[in-house]
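As a plain string of letters, each chain reads:
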Amino acid sequence: KDFSYSFATDSELLHAEVDVNRAYARMLAKVGLISRADARKIVKGLDAVELSWKPVTRSKYSALYEDIHSFIQGELEKRIGAVAKKIHTGRSRNDLVVTSTRVYLRAEIEAISEKIRETQRALVYLARKAKGMIIPGMTHLKKAQPVLLSHHLLAYVEMLQDDSDRLRNARARVNVLGLGSAALAGSALPLDQKFLARELGFERITSNSMAATSDRAFIAEVLSVLAMLWMHLSRLADDFILWNSEPFNFVELDDEFATGSSLMPQKKNPDIFELIRGRSGVIFGHLMSILTIQKGLSLCYNRDLQEDKPGLFDTIYKTHLALKLLPLTLRSVTFNPESMALSLLDDTLFATDIVEYLVRKGMAFSDAHETVGKVIRTSIESRKPLRALKLDVYKKFSNKFGPDIYKLFNAEASVRAKKTVGSTNPGRVGREMTKWERLLRKK
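A short tour of the structure in this document, coming up.

Cut-off values and rules
Residues numbered from 1 in each chain as written. Predicted model: local features only at pLDDT ≥ 70, side-chain atom pairs only at ≥ 80, totals over all residues. Heavy atoms only, no water. Helix = DSSP H or I, 4+ residues; strand = E, 2+ residues; numbered from the N terminus. Rg over C-alpha atoms; globule rule 2.2 N^0.38 Å. Buried < 20%, exposed > 50% of the residue type's maximum accessible area, 1.4 Å probe, protein only. Contact = heavy atoms within 4.5 Å. Areas by Shrake-Rupley, 256 points an atom, 1.4 Å probe, with all protein chains shown as cover. Lys, Arg positive; Asp, Glu negative; His and termini not counted. Charge placed at Lys NZ, Arg CZ, Asp CG, Glu CD. 1 Å grid on protein atoms, 1.4 Å probe; cavity = no way out; pocket = protein on both sides within 12 Å on 5 of 7 lines; lining within 4 Å. Points joined across faces, edges and corners; volume = space filled by probe spheres on them. Nonpolar A, V, L, I, M, F, W, Y, C, P; charged D, E, K, R; others polar.

## A look at the overall build of the protein chain
So, point 1. The secondary structure content of the protein chain amounts to 18 helices and 6 strands.
So, point 2. Here the C-alpha radius of gyration of the protein chain, 30 Å, is well above what a compact globule of 443 residues would show, namely 22 Å.
So, point 3. In terms of its C-alpha atoms, the protein chain occupies a principal-axis envelope of roughly 100 × 55 × 45 Å.
So, point 4. Here the protein chain holds 443 residues, and 49% of them are scored as buried.
So, point 5. Put simply, of all contacts in the protein chain between residues at least 6 apart along the chain, 76% involve residues at least 24 apart.
So, point 6. Element-wise, carbon and sulfur atoms account for 55% of the exposed surface of the protein chain, whose accessible area totals about 21900 Å².
So, point 7. Averaging the locations of the 68 positively and 52 negatively charged side chains of the protein chain gives two centres separated by 4 Å.

## Remarks on empty space enclosed by the protein
So, point 1. Summed over all chains, the structure comprises 1 cavity of 30 Å³ or more.
So, point 2. Estimated volume of the largest cavity: approximately 40 Å³.
So, point 3. Lining the largest cavity are Val49, Ser52, Trp53, Tyr61, Phe71, Glu75 and Arg79.
So, point 4. Secondary-structure elements contributing two or more residues to the lining of the largest cavity are α3 (36–52) and α5 (68–80).
So, point 5. No other element matches the 3 residues that α5 contributes to the lining of the largest cavity.
So, point 6. Of the residues in the lining of the largest cavity, the class split is 4 nonpolar, 1 polar and 2 charged.

## Observations regarding the environment of His151
So, point 1. For His151, the position within the fold is in helix α7 (residues 149–174).
So, point 2. Note on His151: relative accessible area 25%, which makes it partly exposed.
So, point 3. On a C-alpha basis, the gap between His151 and Ala130 in space is 9.5 Å, while along the polypeptide they are 21 residues apart.
So, point 4. If we skip the residues at most four places from it in the chain, His151 touches Gly422, Ser423, Thr424 and Val429.

In short, shape yes, function no, at least from these values alone.
Rendered as structure tokens:
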């Protein structure tokens, strides 16, 4: 029992399975396989089973029932007697569990999608709060070019929107009715699958009973999308962990979302962000699990598929929790503009601006790139910042340099100069913030 029973895990499906059973009882009555009186009795009994369910009692039943299906069947029989046995007419646990899982996942996709929107709202709020603040954008974890902090934060809003879109696209593969497939070959009884699809809100009915009962690609797809979501959440968390560190000191975390050290009284650790970054690895593991479980299974159902749910339920639980706490944590962040200003004193941040300056004066891009590289080497060797080099030094490399070169060493001017769609130009970033505020407005 300890090895093979799954009740402690799949009891998560109770509400979804009760919904499926209610619809199934009504369908059996509609096609004349049971009486309407029996159907009403079964539905009333299912209501009682659901109302009496308390998750804290899982341990009480885990040794009595093999799985959630046998639990519902057994408890229903206790309440309404032998008529309860009619609910299993024409079906198998194989098509039942996959249908219940799909009903469960549909609801979870909707709930997670809304929580993603709440996280996006928090990021847009923070971007608005950071309006006008400039930080060094980085590549390879080295300073690259000045960017608006708002632009950086909105990058994650964009990524999360892609995740949300992918999740809703995955829902189309989830929302397929497999009930009526029985164990693998379908049923000879006159089951009305169109009625079931309407009752349960499924958009289409499976075209192949063997695929319906044995394929868990829809779970793998949802886990894949959630793994990508967690990848983005982990990158976001890592940025805040860096910004919260002493070398950066761009942000201050609220005490409510951080903890201290058991030894060092001065420490305030970014726990929420670190746990998100760490738990992303667990989520990736669940995705690899579901792929590995299915990779060598001959058709049709195999008991291996019992292991499709622990990773799924854990991923759903952790995703809900992360997306509940992350918006609260983000909204509590305060900024340190003084530290941001200090980080912009490195003149090499404006190297690309100098390259484009030479291009505008007619120099080929590759030549401009090489020329600026030589100027930077001179700056390093002379131990002088670029803005401290005299004009005659610049002119040794190109006569195209003029007095206006010194206007480039300004972060505000650098971001204002950007012209392309999607750039860090303040006007474009402002319009993006307004767009997201409108799109994410609560209905």
